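Take a look at the letters that make up each chain.
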Amino acid sequence: MKKLLLPLIIVQLLLACSSKKEFSFHPEYIKDTNGFDILVQQFAHNIENIWGIQEVLIAGPKDYVKYTDQYQTRSHINFDSGSITIETIAGVEPKEYLKKAIVTTLLMGDDPGSIDLYSDINNIAISKEPFLYGQVLDHTNQPIRWEWRATKFADYLLENKLQRRQSGLHVIWSITIQLVPNHLDKRAHKYLPYIRQAAAKYGVDQSLILAIMQIESSFNPYAVSRSDALGLMQIMPNTAGKDVFRAQGKSGIPSRNYLFDPANNIDLGTAYLSLLQNTYLGEITNATSRRYAIITAYNGGAGSVLRVFHNDKKLAAQIINQMPPGDVYQALVTKHPAAQSRNYLIKVNNAQKNYR
């Protein structure tokens, strides 16, 4: 997934005009511009103004980060390591800010399109079916579904687990909560119905879909990247999204709201795997060799995979067909020009073994 190049003069103008108190921008605007990376840089600059250069933290593929209270409080869920950190730099009544953020984070729903990660608007609705239900246990070892239980847990944490540290001019108050050890499996389980449906619809192995979701986002439905890849399968609207829409006879590209819907995201991501499997890399005859090529292509494109073997696509497929699958794998993890794609194949291939 290629990042957009940043015209330096535009960045400088945007940063010069920004205000740490008044700045915000919204997905409705972002989806209509090619400057998403610029806007993320502006957002990061404003966080730097408030928190300090060492404390810039923004959402990513495996990190949910939401700011509230005029950017003075933030909730950070690291879906990879399995931890929640609630922090505030509020100078007055920091415990109250932390308590509110703890409760809303524990009880937020699983609709990523309803939460604006790039503003301090506290639009996090308490849900009857919290996204983190079962992934967090309170101090009495119980899952947290209701507001009264979340509130009691927050009181316990503030009484017993409150931490304080100094960062530059700020005192940062924080609470850290660990997710349950099998949090990854619990999130994966949420999406199994969608995965099974998409796998059957497009003829793609369920284990491959699961492995790609794990490596792309750790099953984080709020996943975003600085290259504007979105959702569980980290789909870029202008590349994979556009290819699938065109193959399905649709015009344009999928919207951000469309891709943040888990069912849509999994369907579109699986449809793209099907395009790789049956069209772009369909001339590779060995199923295992083709799987290695598909995995690598999901990260870096089918063209870059074939060019590892020959600049002519048909000759590249013929060369691959003459090689044992193990040699194809070794070529892709050692000769592909992008280190990210080389590592991606290793990670997804290892993850897929756990889902078979």
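Located above this text is the structure these notes cover.
Residues numbered from 1 in each chain as written. Predicted model: local features only at pLDDT ≥ 70, side-chain atom pairs only at ≥ 80, totals over all residues. Heavy atoms only, no water.

1. Re helix 11 (residues 262–280)
And step 1. With 19 residues, helix 11 should cover 27 Å at 1.5 Å per step; its first-to-last C-alpha distance of 25 Å lies within 8% of that length.
And step 2. Burial of helix 11 is extensive: 14 of the 19 residues sit out of reach of the surface.
And step 3. Two or three places before Ala-263, at the start of helix 11, stands the capping residue Asp-261, its side-chain oxygen 3.1 Å from that residue's backbone nitrogen. (Helix = DSSP H or I, 4+ residues; strand = E, 2+ residues; numbered from the N terminus. Expected span 1.5 Å × (residues − 1). Buried < 20%, exposed > 50% of the residue type's maximum accessible area, 1.4 Å probe, protein only. Polar contact = N/O pair within 3.5 Å; in protein donor to acceptor, adjacent residues only side chain to side chain.)

2. Regarding the environment of Ile-124
And step 1. With respect to the helices and strands, Ile-124 occurs in the loop between helix 4 (94–107) and helix 5 (147–160).
And step 2. On the basis of relative accessible area, Ile-124 is assigned to the buried category, the value being 10%.
And step 3. Residue contacts for Ile-124: discarding those within four places in its chain leaves Tyr-64, Lys-66, Thr-104, Met-108 and Ile-115. (Contact = heavy atoms within 4.5 Å.)

3. Details of the packing of aromatic side chains
And step 1. Under the definition given, this model contains 11 aromatic pairs.
And step 2. Between Phe-43 and Tyr-118, the aromatic rings sit 5.5 Å apart at their centres with planes inclined by 85°, giving edge-to-face as the arrangement. In this pair, Phe-43 is assigned in helix 3 (residues 36–51) and Tyr-118 in the loop between helix 4 and helix 5, connecting sequence segments 75 residues apart.
And step 3. Pairwise contacts between aromatic rings join Phe-43, Trp-51, Tyr-67, Tyr-71 and Tyr-118 into one cluster.
And step 4. When the ring centre of Trp-51 is taken as reference, the NZ or CZ atom of Arg-74 above it lies at 3.9 Å.
And step 5. Cation over ring: Arg-145 sits above Tyr-133, and NZ or CZ is 4.0 Å from the ring centre. (Phe/Tyr/Trp six-rings, centres within 6.5 Å; stacked < 30°, edge-to-face > 60°. Lys NZ or Arg CZ within 6 Å of the ring centre and 35° of its normal.)

4. Comments concerning empty space enclosed by the protein
And step 1. Applying the stated criterion across every chain, the model contains two cavities of 30 Å³ or more.
And step 2. Approximately 50 Å³ is the volume attributed to the largest cavity.
And step 3. Together, Lys-66, Thr-68, Asp-69, Ser-75, Lys-100, Ala-101, Thr-104, Thr-105, Asn-122 and Ile-124 line the largest cavity.
And step 4. Within the residue set of the lining of the largest cavity, elements represented by two or more residues are strand 1 (63–68) and helix 4. (1 Å grid on protein atoms, 1.4 Å probe; cavity = no way out; pocket = protein on both sides within 12 Å on 5 of 7 lines; lining within 4 Å. Points joined across faces, edges and corners; volume = space filled by probe spheres on them.)

5. Some remarks on the pattern of salt bridges
And step 1. Within the structure shown, the criterion is met by 11 salt bridges.
And step 2. Glu-87 is the partner of Arg-165 in a salt bridge, and the nearest nitrogen-oxygen pair spans 2.7 Å. Taken as a pair, Arg-165 in strand 4 (residues 163–167) and Glu-87 in strand 3 (residues 83–88) lie far apart in primary sequence, 78 residues in all.
And step 3. Overall, Glu-87 belongs to the buried group, its relative accessible area being 7%.
And step 4. Among the salt bridges present, the one from Arg-246 reaches Asp-243, with a minimum N-O distance of 2.9 Å. Of this pair, Arg-246 and Asp-243 both sit in helix 9 (residues 237–247), three residues apart, which is roughly one turn of that helix.
And step 5. Asp-243 gets classed as buried once you look at its relative accessible area, which sits at 17%. (Salt bridge = Lys/Arg side-chain N within 4 Å of Asp/Glu carboxyl O.)

6. Describing the environment of Tyr-133
And step 1. Examined against the element boundaries, Tyr-133 turns out to sit in the loop between helix 4 and helix 5.
And step 2. The spacing of Tyr-133 and Ile-144 is 11 residues in sequence and 5.8 Å in space, taken between C-alpha atoms.

7. Details of the sheet that holds strand 1
And step 1. Strand order across the open sheet formed by five strands is 1-2-3-5-4, with antiparallel pairing between neighbours. Either end of the sheet is taken by a strand with one partner, and the two such strands are strand 1 and strand 4. Taken pair by pair, the neighbouring strands of this sheet meet at an average axis angle of 20°, ignoring direction.
And step 2. Relative to strand 5 (residues 170–178), strand 3 runs antiparallel, the two sharing six bridges. Counted as the bridge partner of Ile-86 is Ile-175 from strand 5.
And step 3. Where helix 4 meets the sheet, it contacts strand 2 (73–78), strand 3 and strand 5, and its direction lies at approximately 150° from that of strand 3. (Pairing = 2+ DSSP bridges. Axes fitted to C-alpha atoms, helices over the stretch in contact; angles between N-to-C directions.)

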